[in-house]
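Structural characterization, general
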Amino acid sequence: MKKFLDENFLLQSATAQKLYHDYAKEMPIIDYHCHLPPDQIAADMNFNNITHAWLYGDHYKWRAMRANGVNERFITGNASDEEKFQKWAETVPYTLRNPLYHWTHLELQRYFGIDAILTGDNWKEIYDETSAKLQTKEFSIQSLIKRMNVKVICTTDDPIDNLEHHQKIAKDGAVAKIAPAFRPDKAMHADDVPALNIYIDKVAAVSGIEVNSFEDYLNALKNRHDYFAANGCQVSDHGLEQIYAEDYTDAEIGTIFKKIRANEAITYSELLKFKSAMLYQFAIWDHEKGWVQQYHLGALRNNNARALSNLGPDTGWDSIGDFSQGVTLSKFLNRLDSTDQLTKTILYNLNPRDNELMATMIGNFNDGSVAGKIQFGSGWWFLDQKDGMTKQLNTLSNMGLVSQMVGMLTDSRSFLSFPRHEYFRRILCNLFGDDIENGELPNDIEWVGKIIQDISYNNAQKYFNW
Ligand SMILES: [Zn+2]
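Residues numbered from 1 in each chain as written. Predicted model: local features only at pLDDT ≥ 70, side-chain atom pairs only at ≥ 80, totals over all residues. Heavy atoms only, no water.

**Let's talk about the packing of helix H10 (residues 193–207) against helix H11 (residues 214–230)**
At their nearest, the axes of H10 and H11 sit 9 Å apart, and the two run at 60° to each other. Between H10 and H11, the angle is such that the two are oblique. Read as a crossing pair, H10 and H11 show a hand that is left-handed. Residues Leu-196, Tyr-199, Ile-200, Val-203, Val-206 and Ser-207 of H10 lie in contact with H11, whose contacting residues are Tyr-217, Ala-220, Leu-221, Asn-223 and Arg-224. The residue makeup of the contact of H10 with H11, split by class, is eight nonpolar, two polar and one charged. (Axes fitted to C-alpha atoms, helices over the stretch in contact; angles between N-to-C directions. Helix = DSSP H or I, 4+ residues; strand = E, 2+ residues; numbered from the N terminus. Parallel < 35°, antiparallel > 145°, perpendicular 65-115°, else oblique. Left-handed = near helix turned anticlockwise from the far one by under 90°. Contact = heavy atoms within 4.5 Å. Nonpolar A, V, L, I, M, F, W, Y, C, P; charged D, E, K, R; others polar.)

**Topic: the sheet that holds strand E5 (residues 235–240)**
Across a sheet, paired strands are connected by hydrogen bonds in the backbone, their directions being either parallel or antiparallel. Pairing in this open sheet of five strands is parallel, and the strands run E4-E5-E6-E9-E10 from one edge to the other. Both outer strands of the open sheet, strand E4 (181–182) and strand E10 (374–376), are each paired with one neighbouring strand and no more. Two elements, strand E9 (residues 345–349) and E10, share three bridges in a ladder whose sense is parallel. Note on E10: the bridge partner recorded for Ile-346 is Gln-375. (Pairing = 2+ DSSP bridges.)

**Side note on the packing of helix H18 (residues 419–437) against helix H19 (residues 445–464)**
For the pair H18 and H19, interaxial distance at closest approach is 11 Å and the crossing angle is 155°. With respect to H19, the element H18 is oriented roughly antiparallel. Where H18 crosses over H19, the two elements pack in a sense that is right-handed. Along the contact surface, H18 presents Phe-424, Arg-425, Leu-428, Cys-429, Phe-432 and Ile-436, while H19 presents Ile-445, Val-448, Ile-451, Ile-452, Ile-455 and Ser-456. Classifying every residue of the contact of H18 with H19 by side-chain character gives 10 nonpolar, one polar and one charged.

**Quick look at the coordination of the zinc ion**
Around the zinc ion, the protein contributes the donor atoms His-33 (NE2), His-35 (NE2) and Asp-411 (OD), which lie 2.0 to 2.1 Å from the metal centre. On the primary sequence, the residues serving as donors to the zinc ion are separated as H-x1-H-x375-D. With His-33 in the loop between strand E1 (29–31) and helix H2 (38–43) and Asp-411 in the loop between helix H17 (386–399) and H18, this pair connects stretches of sequence that are 378 residues apart. Residues His-33 and Asp-411 agree in their burial class; the two are buried. (Donors = N, O, S within 2.8 Å, 3.2 Å for Na, K, Ca; no water. Buried < 20%, exposed > 50% of the residue type's maximum accessible area, 1.4 Å probe, protein only.)

**A short note on the pairing of E9**
Within E9, five of the five residues are buried, leaving the element largely enclosed by the surrounding structure. Of the two faces of E9, the one carrying Thr-345, Leu-347 and Asn-349 and the one carrying Ile-346 and Tyr-348 are both buried. On the question of chirality, the crossover connecting E9 to the parallel E10 by way of helix H16 (residues 355–361) is right-handed. (Right-handed = clockwise from strand over helix to strand, strands pointing away.)

**Observations concerning unusual backbone geometry**
Of note, the phi angle at Arg-97 is positive, near 80°, even though the residue is not glycine. Take Arg-97: it is sitting in the loop between helix H5 (81–91) and helix H6 (99–112). Here Arg-97 falls in the exposed class, since its relative accessible area comes to 86%. Unusually for a residue other than glycine, Asn-302 sits at a positive phi of about 50°.

**Brief notes about the sheet that holds strand E2 (residues 150–154)**
The parallel open sheet is built from three strands, whose spatial order is E1-E2-E3. Bordering the open sheet on either side are E1 and strand E3 (177–179), each of which pairs with just one other strand. Adjacent strand axes in the sheet meet at a mean angle of 5°, parallel and antiparallel pairs treated alike. Across three bridges, the pairing between E1 and E2 is parallel. The residue of E2 that forms the bridge with Ile-29 is Val-150.

Okay, here's the thing in structure tokens:
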């Protein structure tokens, strides 16, 4: 029987072990999409305790606690940090076979050198030991980043953000390159016209451009896009149910925008046209600047109205949706490609039924200008686990070139999540190791090892051009 979570965790053959330990392990990390708060990086703050680091913002853990019958008071409520950690520790033994079980123990090992299994019996010792460490200089946020050999982090930022924390990081210097990402979801969210109007006013204020027409709005947003570029941004990111690619005319969008500004209701058809126009425009700017654009497609958000009104969005009430992806995605990419204005693009699907769709869609728009120009992104959110990542890697291998993949990203809100890159690399090495052991790949460790290193780091380094 193999030992739990030892040095050869997930590495089931001698070849897989060699690939991981000799090639993958030491490669630096590029985390090109996450939700880490730049203010905390700029301040290089310390967490008071492990609850603060683990449980304040991680809705993956919150969902597990709720599923385990824990009262909300101990999750997002007013229980003490110690009480919350105790409830999490009592939940952990029940998370077995969920990635949280592996992540939790990997993080205890990698950051704190703790090999114990976290339970309701030893929670206090682990709380005290980790919290004491987290308060030291060696465990400040930038020290945590450095400890994991992270070279680049891309945060996720709203166009109206003034990027002051990124500016402070740039001025003070940091242990890694910390760059913003342009995420304009709210700028096109005409599903809620009054909220969009408030947002448009904010864009106008921050850009200093009065917005009386759609053209003004685009000018104001372009001003923010330029501002982001001036502050080191090289990627955009979009979280959408699906790509919108309706036909529209400029006159139509002008009329729809006037209705929005008058706080009038718009029809569903008008909503789709408006979103289509916005998405297209963002993509044109991304191409002009040579940015990488990312599309996270397929989440069905805010399913629980009672929880949403009590706790707000991003608190653990989202799931995989069953939106149609293929036709509009094809039309959108084709429209950009037809004028040679399609920039480097990463597509992420949340519904695993779309794996093959994504893996084959990317092949339609690779034009030889750059290797892996259109990417099928790594298993994301609910698919960010052994089975989901394995399926993504196998689908990409079968229908595209896994050798040109830009690898893993955490998409995390926690500074203790970087071992997910290790998790991905172990799975990757195990797949290639199996193929060599089975005679399906030649026993050329040097070549396969190079490919492993490319997927782990080199491809992303080249692709994003940092
Ligand atoms: Zn994300």
